[in-house]
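For reference, the chains in residue letters:
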Amino acid sequence: MNLRWSTPIRLKDFERAPRENGLFQVGLLRVQMFDPKYIGRAIGAERTIRQRLGILFAGQGVSQITVASRDNLFCRWFVTEDLEGAGGDLLKRYGIGILQQFVWNTKKDGID
């Protein structure tokens, strides 16, 4: 699978994200390399990538993303309608939880 992620932007600039379905990641930028800590998906007209990132910026949904930390966080996205295939492949490849790629995801929230 050849995913084409956007260039990372600051989470506080979430309004630049598309109003489309897809996957998104939130994480840190370390020496010009994006280090994703959370993966999510945006499904349907009422839950676009922009809306989901806005919710996270407001400090809702993921306990590790707080109002105090959000100015240091970055995000990127991948627009797709194949959310089950693309999202599932990413989780199988990198895993979620402690000692895995997406340490801010829990088994309960999966990639929602």
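Just so you know, these numbers come straight off a predicted model, no measurement behind them.

Remarks on the side chain of R76
For step 1, the next point in the chain: Of note, R76 is situated in strand β4 (residues 74-79).
For step 2, the next point in the chain: Nearest to the buried, unbridged R76 among oppositely charged side chains is D35, at 8.8 Å.
For step 3, the next point in the chain: Within polar-contact distance, the side chain of R76 engages the side chain of Q25 at 2.7 Å.
For step 4, the next point in the chain: Apart from the residues lying within four places of it in its own chain, the contact partners of R76 are W5, S6, P8, L23, F24, Q25 and F34.

Some details on the packing of aromatic side chains
For step 1, the next point in the chain: A full pass over the atoms with the stated rule returns three aromatic pairs.
For step 2, the next point in the chain: A centroid spacing of 6.0 Å and a plane angle of 50 degrees characterise the contact between W5 and F78, whose relative ring orientation is tilted. Residue W5 is found in the segment before β1 (9-10), and its partner F78 is found in strand β4; the two are separated by 73 residues along the sequence.
For step 3, the next point in the chain: Judged by relative accessible area, which is 13%, F78 ranks as buried.
For step 4, the next point in the chain: When the centroid spacing of 5.6 Å and the interplanar angle of 35 degrees are considered together, the rings of F14 and F57 count as tilted. Residue F14 is located in the loop between β1 and β2 (22-30), and its partner F57 is located in helix α1 (residues 49-57); the two are separated by 43 residues in the primary sequence. As far as the burial class goes, F14 and F57 line up, both buried.
For step 5, the next point in the chain: Lying across the ring of F57, R70 places its NZ or CZ 4.0 Å from the centre.

Definitions and limits used
- Residues numbered from 1 in each chain as written.
- Predicted model: local features only at pLDDT ≥ 70, side-chain atom pairs only at ≥ 80, totals over all residues.
- Heavy atoms only, no water.
- Helix = DSSP H or I, 4+ residues; strand = E, 2+ residues; numbered from the N terminus.
- Buried < 20%, exposed > 50% of the residue type's maximum accessible area, 1.4 Å probe, protein only.
- Lys, Arg positive; Asp, Glu negative; His and termini not counted.
- Salt bridge = Lys/Arg side-chain N within 4 Å of Asp/Glu carboxyl O.
- Polar contact = N/O pair within 3.5 Å; in protein donor to acceptor, adjacent residues only side chain to side chain.
- Contact = heavy atoms within 4.5 Å.
- Phe/Tyr/Trp six-rings, centres within 6.5 Å; stacked < 30°, edge-to-face > 60°.
- Lys NZ or Arg CZ within 6 Å of the ring centre and 35° of its normal.

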